[in-house]
Amino acid sequence: MVTLGKRLRRWLAFAGLTALLVMTGCSREQIPVLNPQGPVAQKQYDLIMWSIALMTIVIVAVFALFTYVLIKYRAKPENEGYNPPDQHGSRLLETIWTLIPVIIVIALAIPTVKVTYDLEKPPSQHKEPVTIKVTSANWKWIFRYPEEGISTVNYVNIPADVPVKFELDAVGPMNSFWVPELGGQEYTMPDMEMAMWLEADKPGTYTGRSASYSGEHFTHMTFNVNAQSEKDYEKWVNKVKKTAPKQSEAEFRKLLEPGRVPEMTFSSYPKNADEIEVEKNREDGLDRYENRQGGHHEHQEHTGHMNHEGHQSH
Amino acid sequence: MNLFEFKMPEHFIIWNDPLIKGAWVSIILATLGIVFVLTYFKKWKWLWDEWLTTVDHKKIGIMYIIASLLMLFRGGADALLMRTQLAFPDMKFLNAQHYNEIFTTHGTLMILFMAMPFIIGMMNIAIPLQLGTRDVAFPYLNAMSFWLFFFGAMLFNISFVIGGSPDAGWTSYTPLAGSEYDPGPGQNYYLLALQIAGIGTLMTGVNFLVTIVKMRAPGMTLMRMPMFAWSTLITSVIIIFAFPVLTVALALMTFDRLFGTHFFTISGDGSPMMWANLFWVWGHPEVYIVILPAFGIFSEIISTFARKRLFGYNAMVYSMVAISALSFIVWLHHFFTMGNTPAINSFFSVSTMAIAIPTGVKLFNWLFTLYKGRIELKAPMLWAMGFIPTFLIGGVTGVMLALAPADYQYHNSYFLVSHFHYVLIGGTVFGMLAGMYYWWPKMFGHMLDERMGKWAFWLFTIGFNVCFFPQYPLGLMGMTRRMYTYPEGLGWDGLNLLSTIGAFMMGVGFLIIAYSIYWSARYGERDTTGDPWNGRTLEWATTSPAPVYNFAHIPKVEGQDAFWLMKQKRKKGKKEKTPELKRIHMPKDSGRPFVFSFFWFVAGFGFVFEWHLIGFAGLLGVLACMLLRSFEYDDHYYIEVDEIKRTEAAAGRL
Amino acid sequence: MATQNNHASTPLEYSTEEGRLKIFGFWVFLGAEIVLFATLFATYLTYQHATAGGPTPQDLFVVKDFMIETLLLLASSFTCGLAIYEMRRGNQKALLLWYIVTLLLGAGFLYFEIHEFFMYVTEEGATMQTSAFLSSFFVLLGTHGAHVTLGIFWIILLLIQLQKRGITPVTSRKLFVAGLYWHFLDVVWIFIYTLVYLMGVAG
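A quick note: this is a predicted structure, and the numbers were derived from the prediction, not measured.

Observations concerning the UniProt feature "domain: Cytochrome oxidase subunit II copper A binding" (unreviewed entry) in chain A
The feature "domain: Cytochrome oxidase subunit II copper A binding" (unreviewed entry), as annotated in UniProt, sits at residues 127–239 of chain A in this numbering. For the annotated span residues 127–239 of chain A, helix accounts for 9% and strand for 54% of the residues, and the straight-line distance between the end C-alpha atoms is 23 Å.

This is how it looks when you write it as structure tokens:
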């Protein structure tokens, strides 16, 4: 039974995916949600495909019934004078179409709950996980690697085939941290740290973006996730430690101000970075009259300055 | 807070964008045009006597529908601006700020100032007539509801030319919408305009609940009510339970912004997530507030045009009750991605999916109402038939979004955008247009042109699918909502262009509807029977348009589809005894609801710019109106038998 | 108009269709008010410990003060009930008298409440801007207090109408509805007393 169910699911998923690709005329690589590159995205992909399969059955069945009824019982000159019967309903039929959706909902609910719980755990057990802190600040992504003491901005490097725990936080408005090929998103919220697991199966570069609107330049909040082999990752870390500049507290504070910056790399970050973030968030709405006058102008200046600068240069 | 401070914002009059300059010019020209026409044709008194002071539910309904069509036009124009910007990669048609203001306005306008008044308009037109009664329970309150909505909408609409539009999204999550990151008056407009309109909506909920519970014609038990009346009853209950939450949420954010409280700020230990919770505790039931009446309208129309009794009446009622109950325990699915525990996400996933069960029951009951019917595809029925497949697609993608782990991939992407447009346009807008075509003869005494109606339907429906279906794959390709532009090379170009083409087709469809309204008023087929569709419910038992008192005699109801039963009886040659006419007790018109709401507008405008003196002065005006109302005892009059006889004779019913 | 009710079973305020509709409508409106206060309570309970280093409930609440407020408001609810009782008996003078007592008790409640807020602000520096706890405290109690204030002015207007017109189906309906409103505010206060004050001093 189990294998049959699984086989059925696979087959339906395959049929659904093919139909979708044909409809959009795109290659699979261009549809990151349907091109999972890690165990988290894979689990979500399986669930998505299972739901698409079930929903396709519903759509086909209802469309067929609808079309049949519409054609057969449409008013035509031939059926002029036909008096439709006075049907009140049918307990049997109504019970059937209450039960069918119940069964479908159960068929969806069980894997949903299972995957929801699964995603809380490291995606694979075989390796020691890496932790990376992610902070969104208008309109940039700041990554800190507490185990290495280094920091990058607007891109992140991770070792492939190793579970990565992203600890998410925001300074200012919320954003949503989304790397569709590696897995679904989670919000970055001020003063509320959250964690999300991701893992890349193999080396490669995956696009990430903010999925939650956060103001003027939110559209440009994209970043690359570069998955490297463990060896290359170590090499990269060492190189950063040796060659990249240190990040002063002043520089870090400046990053938290609204504006856009290119990709950046630092061999260190301030020890009190967390506290600075908290402090910065606590200014929000503290004294609105002062903020309104002072803060507003500063903000204008910043965005004006950054407006037409490219953001991809190193 | 300084009561006597009148600080001017940096830009009071917005004049920095060619589009907005164009808007200014057209606003001024339109205003001058209206003033000229009213003066030239000496219509000011007519406007005041017949419309601004009316408490007649039919006229209020008409005003609601006109207002929502205007808002549909503006919200649609916003949509076309956005689709133009997104037609090609790297377009420079709108800048980020302008785009952000437009999508915020579009969302807020379409839900609060288009969908809501449209459904309330339909309720006003149809409910008292369907129940066989002479007006709603509280006609004066009904006028207040309308004018509060109207002035709320006006307040929201002037924002883009005076002071600047809100730009934090219609969901207005803090801290983005807080005073730190959004200092301008735009967000205040959002808060206060919604507050004013929201109070009006709450009153509508109370009004229709009482009307339906207490004022049905004799013999009309609850289980004999038309399905639209049922949907309105359930909607009213949802409004009463949901709208106070919006009132509180808006008030708290207003306090945060105007008086420095800490409900949704990080400082002072407030919590931005609290806003998300309060907003969606209202926001999700709100979705059902705008969809259930559409379900009701479809039930009426499908049954009428299939010439068959509604299949499974009881199940239809129970499923709506179930949907309304579930609507209050699913709000968290709007933020599965905010780090909830797996237990919470699982619960809300399953409760959300469960909504598919009663909705599925309704769908099959509609299909089986059609089954063995004799389906006439007149314009209202076309919209109903367009609804079934469209809403089905919206519904199944809704189920897909309900799966929390899958939602992590769809959330805030164009997949979601497409989903909610499929249910809101395919459900609510189709429903309202269907209802508009259906009840138009009852409102104005003439039909909307059938041929233009078909053209509009096909253009709009095909355009709709061309516009929104490509957005499902766009979402899976990683395109997120509220992006104002996108680079080349992501494979998004073709689908976006297609989507824009579809949007313009919808626009053309809308223009045809607008033209057919004008054309039909002049040349359209007149409805002299009062029953142009061979209807089943009581609104078709009176003339088109209905006289001010609706029914000379209150009808007696003997079962579901009361008017159908009457017609069957008449066919069998049974003669009804007509009881003697009696004078009819009616509410007097009043200009106070208009003035009262205008004071709300003044108060709102004052608080938007934090000119507190004006704000409080406006509130004082509000209180003064309430005081005058309290001392008003002479607010009714009688229509005498002679006049009723004259009216009925003129309509050929005596 | 007759000050006495002809049908012993139906009170005067329910004797007309309009009266029945408006009373039922007001009940429905109170349903919405319950949701409104429930939301404010939920907000307060969420934030009751969010003091941001500012004063806590234990620092602020004085048992004697809120007991006086509670007693005044409860007593006013009782006298309001007596007023309606007298209205049903057609006794206009007693009706007026009991409503005036109700208003005085209500005004006394307001005096002590405003005094309490004033002390918080001047003595403890505890304002609406201090912390989320105080924001939600002041807005919850302020909303209730504003309702009481509005109720006092409203009932004064009704008493003027009563004096002008006597006990009629319309005035009796208005006074009855105002009575419902007043009792409702009392019920809300009982929740404030329990959830805010008692739980607050208990910690």
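Now, onward.
Focus: the domain arrangement of chain A
Bring the parts together and some accessible area is lost; that lost area is often taken as the interface size. Residue and element names in this part refer to chain A. Assigned domains within chain A: domain 1 (2–72 + 93–118) and domain 2 (130–284). If you average the C-alpha positions of domain 1 and of domain 2, the two centres end up 34 Å apart. At the junction of the two partners, domain 1 supplies ten residues and domain 2 supplies twelve residues. Residue composition of the side of domain 1 that touches domain 2, by class: six nonpolar, four polar and no charged.

Regarding unusual backbone geometry
Most of the time, phi is negative for any residue but glycine, and the peptide bond is trans. Residue and element names in this part refer to chain B. The peptide bond linking threonine 174 to proline 175 adopts the cis configuration, its omega dihedral lying at 0°. Serine 544 connects to proline 545 through a cis peptide bond whose omega is -15°. Phi is positive for lysine 42, close to 50°, though the residue is something other than glycine. Of note, the phi angle at arginine 307 is positive, near 55°, even though the residue is not glycine. Since 18 C-beta atoms lie within 10 Å of it, arginine 307 is described here as partly exposed.

Quick word on the sheet that holds strand 9 (residues 204–210) of chain A
Residues and elements named next belong to chain A. Ordered by their spatial adjacency, five strands build an open sheet running 4-10-9-6-7, and the pairing between neighbours is mixed. Whereas interior strands pair on both sides, the edge strands pair on one side only; in this sheet they are strand 4 (155–159) and strand 7 (183–188). Ignoring strand direction, the axes of neighbouring strands in this sheet form an average angle of 25°. Where strand 4 meets strand 10 (residues 222–228), five bridges bridge the pair, whose relative direction is parallel. Counterpart to asparagine 157 in the pairing with strand 10 is asparagine 226. Contacts between helix 4 (residues 230–243) and the sheet are confined to strand 4 and strand 10, with strand 4 contributing the most and set at about 130° to the helix.

A few points about the UniProt feature "domain: Cytochrome oxidase subunit I profile" (unreviewed entry) in chain B
What UniProt calls "domain: Cytochrome oxidase subunit I profile" (unreviewed entry) maps, in this numbering, to residues 42–558 of chain B. From the first C-alpha to the last, residues 42–558 of chain B spans 48 Å; its make-up is 68% helix and 0% strand.

A look at the packing of helix 3 (residues 91–118) of chain A against helix 11 (residues 356–370) of chain B
Relative orientation and spacing of two packed helices are given, respectively, by the angle between their axes and the distance between those axes. Contact geometry of helix 3 of chain A with helix 11 of chain B gives a least axis separation of 9 Å together with a crossing angle of 140°. When the axes of helix 3 of chain A and helix 11 of chain B are compared, the crossing they make is right-handed. Contacts between helix 3 of chain A and helix 11 of chain B involve Leu93, Glu94, Trp97, Thr98, Pro101, Val102 and Val105 of chain A on the former and, on the latter, Ala356, Ile357, Gly360, Val361, Phe364 and Phe368 of chain B. Its residues assigned to classes, the contact of helix 3 of chain A with helix 11 of chain B comprises ten nonpolar, two polar and one charged.

Calculation notes
- All chains use their own residue numbering, which begins from 1 and follows the written sequence.
- Throughout, the order in which chains and ligands are written sets their labels, letters from A for the former and numbers from 1 for the latter.
- Side-chain atom pairs in this predicted model are given and counted only at pLDDT of 80 or more, local residue features only at pLDDT of at least 70, and totals for whole chains, interfaces and linings cover all residues.
- UniProt positions are given in the numbering used here, feature names are shortened, and annotations may be inferred rather than shown by experiment.
- Strands are runs of DSSP state E lasting at least two residues, helices are runs of H or I lasting at least four, and both sets are numbered from the N terminus onward.
- Domain start and stop positions are those given by an automatic or database domain assignment.
- Contact criterion: two residues are in contact if their C-beta atoms, reconstructed from the backbone, are within 7 Å.
- Throughout this entry, Asp, Glu, Lys and Arg are counted as charged residues, while Ala, Val, Leu, Ile, Met, Phe, Trp, Tyr, Cys and Pro are counted as nonpolar. The remaining residues, Gly among them, count as polar.
- Three exposure classes are used, based on other C-beta atoms lying within 10 Å of a residue's own C-beta, which is placed from the backbone: buried for 20 or more, exposed for 12 or fewer, and partly exposed in between.
- Note on pairing: two strands pair once DSSP finds at least 2 bridges between them.
- In this analysis an axis means a line fitted to C-alpha atoms, helices contributing only their contacting stretch, and an angle means the value between N-to-C directions, from 0 to 180 degrees.
- Left-handed describes a crossing whose near helix is turned anticlockwise from the far helix through less than a right angle; right-handed describes the clockwise counterpart.

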